[in-house]
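One letter stands for each residue in the lines below.
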Amino acid sequence: MKTPFTGGCMCGAIRYECSAEPIFMGNCHCRDCQRATGTAFAAAILVPRDAVSITGDVKYYDVTGGSGQIISRGFCSNCGSRLFGKPEVADFLGIMAGSLDDPSWFSPTFDFHVASAQPWDYMNPDLPKFAKSPSPP
Ligand SMILES: [Zn+2]
Ligand SMILES: [Zn+2]
């Protein structure tokens, strides 16, 4: 991958550009991500929040995550595409890998919250697994 990288929602109302390299890339299998994505897990990239510029009107929905902290989940209110996750406590932004203009460079290095993974959620056996949150990178 090279910076800046770009992405957006399905209808094009929301676009983003990130000037920083990902802090990490991983697959979250928690129940929140299952509900929010409507499928088995969230393939996500964590970046410094101030490295991302966003155009368009992102709608955020706040949920209390498994850790007890609030996470704001951002999506396009027109087409429903999931784009971002903003933890309350840290200046990071999670970006959903499928929203990238070129998702092919996404390369997860671990699976986390696998304690909540569904039996039909097949994971790459070569990746490290964390029952809950990973240790800080
Ligand atoms: Zn949209
Ligand atoms: Zn999750």
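Refer to the preceding data block for the structure.
Okay, so let's go over this structure.

Each value, and the rule that gives it
Residues numbered from 1 in each chain as written. Chains lettered and ligands numbered in written order. Predicted model: local features only at pLDDT ≥ 70, side-chain atom pairs only at ≥ 80, totals over all residues. Heavy atoms only, no water. Donors = N, O, S within 2.8 Å, 3.2 Å for Na, K, Ca; no water. Tetrahedral: all angles 85-135°; square planar, octahedral: opposite > 155°, others 65-115°. Helix = DSSP H or I, 4+ residues; strand = E, 2+ residues; numbered from the N terminus. Buried < 20%, exposed > 50% of the residue type's maximum accessible area, 1.4 Å probe, protein only. Phe/Tyr/Trp six-rings, centres within 6.5 Å; stacked < 30°, edge-to-face > 60°.

### Thoughts on the coordination of the zinc ion (ligand 1)
Then step 1. On the protein side, the zinc ion (ligand 1) has Cys-9 (SG), Cys-11 (SG), Cys-76 (SG) and Cys-79 (SG) as donor atoms, found 2.3 to 2.4 Å from it.
Then step 2. One way to put it: the four donor atoms around the zinc ion (ligand 1) meet at angles of 106 to 115°, and that makes the site tetrahedral.
Then step 3. Expressed as a motif, the donor residue spacing for the zinc ion (ligand 1) is C-x1-C-x64-C-x2-C. Taken as a pair, Cys-9 in the loop between β1 (5-8) and β2 (15-18) and Cys-79 in the loop between β7 (70-76) and β8 (82-87) lie far apart in primary sequence, 70 residues in all.
Then step 4. Of the residues examined, Cys-79 reaches a relative accessible area of 26% and is grouped as partly exposed.

### Description of the packing of aromatic side chains
Then step 1. All chains considered together, the criterion is met by six aromatic pairs.
Then step 2. The interplanar angle of 70° and the centroid separation of 5.4 Å between the aromatic rings of Tyr-16 and Phe-84 together place this pair among those described as edge-to-face. On the criterion of sequence distance, the pair formed by Tyr-16 in strand β2 and Phe-84 in strand β8 is long-range, its members being 68 residues apart. When sorted by exposure, Tyr-16 lands in the same class as Phe-84, which is buried.
Then step 3. The interplanar angle of 85° and the centroid separation of 6.4 Å between the aromatic rings of Phe-24 and Phe-112 together place this pair among those described as edge-to-face. With Phe-24 in strand β3 (residues 24-28) and Phe-112 in strand β10 (residues 110-112), the pair connects residues that are 88 residues apart, well separated along the chain.
Then step 4. For Phe-24, a relative accessible area of 17% corresponds to the buried category.

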